[in-house]
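Residue-level listing of the chains:
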Amino acid sequence: MLTQFIIEVSTRFNPFSASAKTARLFLTRLPPSARASGMSITTQLLPRNSTEPSALKIKFKDGLEMKLDCETMNIKSVVEVVDRHSRQLQKQADLE
Amino acid sequence: MPFRTRCSAVCGLGSAINVSRTTARPAALRIPSAPRVSATRQYATAVAPASQSLRVPDDYIPPTQPPTARPSDTRKSQLLRSYTSLLRLTPLMLIFQHNNLTAVEWAAIRRELRAALADVPQTGTQEVDIASKIHIEVIRTRMFDMALKIVEYFDPSKVAPTLATTLTGGKVKTVYNHDLSEAAYEAVRAATKANKVQPDSSVYSELAPLMVGPLAVLTFPVVSPQHLAAALKVLSPSPPTFPAPTRRKRPSYYDMTAQSGLQKLLLVGGRVEGKVFDIDGVKWVGGIESGLEGLRAQLVHMLQSAGLGLTTTLEGAGKSLWLTMESRRSVLEEAEKGPQEGEKTGS
């Protein structure tokens, strides 16, 4: 996954619900040095009995903010969506 | 190829070998000494000239190598065994998600955890050193999931014995109820069929959603709230009740490696005495200040004071009855006395 254009990731999930899978797996896709390279990552864990849907918010360098629906999307499609935008930014960065 | 028996298989047979068989053993050991020509020949001829009586039965199963449903010599199978024993023996276990921690970060976290646990004062009743047996261990999530299923759905005591052949060809009843056995495999498969609805009450169905992604478990040999609190202060600090160690007291906790590692470690849940807890539940267990001893003392005090109240209550009814009767008696006595005295004075 291309992560160098992401500046902010914020997740919010209840680990005891099945829909937390996507958000949790997205956190594992971030490289070990993500925080050191300036990405801000915040995670909020909900209590066990909460029925609030899992949330995953990603902010890119160009200011685009993505709110991804973790209930329906799996990690593959999330990565696909994020990479699609990252590749556009990569192209722009290469042209400059 | 001649049938080879390992020494360990033959030696470990104690009960399976008959007396007549044991007398034959020295003969078998003497055989290779006759044609000893060289060291290499000795190995090759060790079993080859064995007579028919020394042949191991074809369906003989060494007791040290019971039949298994999964290949027993793979790393995964042995991991499964170690996880099932871990789950059966560990009363308190915290589950963490680790997001790409590097080796140095793990080392820093373990160092800080060890230091924090060593600072926990030992109470008088604990002779054993708990702190040295608390470990944080990275697990293979899928194998751990399987181990959870085996621990939940497979009861080793209910496996029926089967007949196994001994070295002499006789049959003995043997129970194959280890965690890699066919019985364990079938029990788990029957319980987790795709169309079967899992009961919500089972520990497995509660823990199953947690078994996603890279996980690590922190295992405690006993339920010790003080040690749990110390671990929580390091691994998942939450200021009012579980503050992180101060910068002055523990400067190495605040170095770059340890902090970046801790940021990537995420407490997702826990399992305490077979019950599943979320973070708040784990913090509640860690917040039992005086430990289990303190809880017991509280309970004893409560029961004692309740008993005291009960005795006074029960006593009270009798006492008040006695008081009423006594006062009534004195009144009657006075009434009896009164007129007599009056009569006396009157007469």
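Residues numbered from 1 in each chain as written. Chains lettered and ligands numbered in written order. Predicted model: local features only at pLDDT ≥ 70, side-chain atom pairs only at ≥ 80, totals over all residues.

- Among the UniProt annotations of chain B, the heading Sequence similarities (unreviewed entry) holds the following wording: "Belongs to the universal ribosomal protein uL10 family." (UniProt positions renumbered as here; feature names shortened; annotations may be inferred.)

- Per an unreviewed UniProt entry, chain A is named Large ribosomal subunit protein mL53, and its organism is Immersiella caudata.
- Recorded under Sequence similarities (unreviewed entry), the UniProt text for chain A is reproduced unchanged: "Belongs to the mitochondrion-specific ribosomal protein mL53 family."
- Under the Subcellular location (unreviewed entry) heading, UniProt states for chain A: "Mitochondrion".

A closer look at the overall build of chain A
Okay, step 1: Broken down by element type, chain A carries two helices and four strands.
Okay, step 2: Relative to its length of 96 residues, chain A is compact, with a C-alpha radius of gyration of 14 Å against a globular reference of 12 Å.
Okay, step 3: By its C-alpha atoms, chain A is 50 × 25 × 20 Å across when sized along the principal axes.
Okay, step 4: Out of the 96 residues in chain A, the part that is buried amounts to 27%. (Helix = DSSP H or I, 4+ residues; strand = E, 2+ residues; numbered from the N terminus. Rg over C-alpha atoms; globule rule 2.2 N^0.38 Å. Buried ≥ 20, exposed ≤ 12 C-beta atoms within 10 Å, placed from the backbone.)

A look at the interface of chain B and chain A
Okay, step 1: In this assembly, 18 residues from chain B lie in contact with 18 residues from chain A.
Okay, step 2: Looking at the side of chain B that touches chain A, the elements with two or more residues in it are helix H10 (256-263), strand S6 (265-272) and helix H11 (279-286) of chain B.
Okay, step 3: Split by residue class, the side of chain B that touches chain A holds eight nonpolar, eight polar and two charged. (Contact = placed C-beta atoms within 7 Å. Nonpolar A, V, L, I, M, F, W, Y, C, P; charged D, E, K, R; others polar.)

Here we look at the sheet that holds strand S3 (residues 55-60) of chain A
Residues and elements named next belong to chain A.
Okay, step 1: Sheet architecture is open: four strands sit in the order S2-S1-S3-S4, paired in mixed fashion. The open sheet is flanked by strand S2 (40-45) and strand S4 (65-69), the only strands paired with a single partner. Strand-to-strand twist of the sheet, defined as the mean angle between neighbouring strand axes without regard to direction, takes the value 10 degrees.
Okay, step 2: Both S3 and S4 contribute to a ladder of five bridges, which runs antiparallel. Following the sheet pairing, Ile58 is matched in S4 by Met66. (Pairing = 2+ DSSP bridges. Axes fitted to C-alpha atoms, helices over the stretch in contact; angles between N-to-C directions.)

Re the sheet that holds S6 of chain B
Two orientations exist for strands paired in a sheet by backbone hydrogen bonds: parallel and antiparallel.
Residues and elements named next belong to chain B.
Okay, step 1: Spatially, the five strands line up as an open sheet ordered S2-S5-S1-S6-S7, and their pairing is antiparallel. Looking at which strands have only one partner, the edges of the open sheet turn out to be strand S2 (135-139) and strand S7 (275-277). Here the average twist between neighbouring strands, direction ignored, is 25 degrees.
Okay, step 2: Here S2 runs beside strand S5 (residues 215-220); their pairing, made up of five bridges, is antiparallel. The partner of Val138 across the bridge, within S5, is Ala216.
Okay, step 3: The sheet strands contacting helix H9 (residues 225-235) are strand S1 (92-98), S5 and S6, and the helix crosses S5 at an angle near 150 degrees.

Details of the confidence of the model for chain B
Okay, step 1: Considering every residue of chain B, the mean pLDDT works out to 81; 78% of them sit at 70 or more.
Okay, step 2: Confidence estimates for the predicted assembly give a pTM of 0.74 and an ipTM of 0.93. (pLDDT = per-residue confidence, 0-100.)

Let's talk about the pairing of strand S4 (residues 171-174) of chain B
Okay, step 1: Pairing of strand S3 (residues 162-165) of chain B with S4 of chain B involves four bridges; the strand directions are antiparallel. Bridging from a neighbouring strand, Thr165 of chain B pairs with Lys171 of chain B of S4 of chain B.

Points about the packing of helix H4 (residues 75-89) of chain B against helix H6 (residues 141-153) of chain B
All names here are of chain B.
Okay, step 1: For the pair H4 and H6, the least separation of the axes is 8 Å and the interaxial angle reads 55 degrees. If you check the angle between H4 and H6, you find them oblique. Two packed elements cross with a definite hand, and for H4 against H6 that hand is right-handed. Of H6, the residues touching H4 (which contributes Lys76, Leu79, Leu80, Tyr83, Thr84, Leu87 and Arg88) are Met143, Phe144, Met146, Ala147, Leu148, Ile150 and Val151.
Okay, step 2: Looking at the contact of H4 with H6 residue by residue, the classes come out as eleven nonpolar, one polar and two charged. (Parallel < 35°, antiparallel > 145°, perpendicular 65-115°, else oblique. Left-handed = near helix turned anticlockwise from the far one by under 90°.)

Structural notes on the pairing of S1 of chain B
Residue and element names in this part refer to chain B.
Okay, step 1: For S1, a buried count of six out of seven residues is recorded, marking the element as mostly surrounded by other parts of the structure.
Okay, step 2: Looking at chain direction, S1 and S5 are connected through six bridges and run antiparallel. Looking at the pairing, Ile95 lines up with Val217 of S5.
Okay, step 3: Pairing geometry for S1 and S6, over seven bridges, is antiparallel. From the neighbouring strand, His98 faces S6, where its bridge partner is Leu265.

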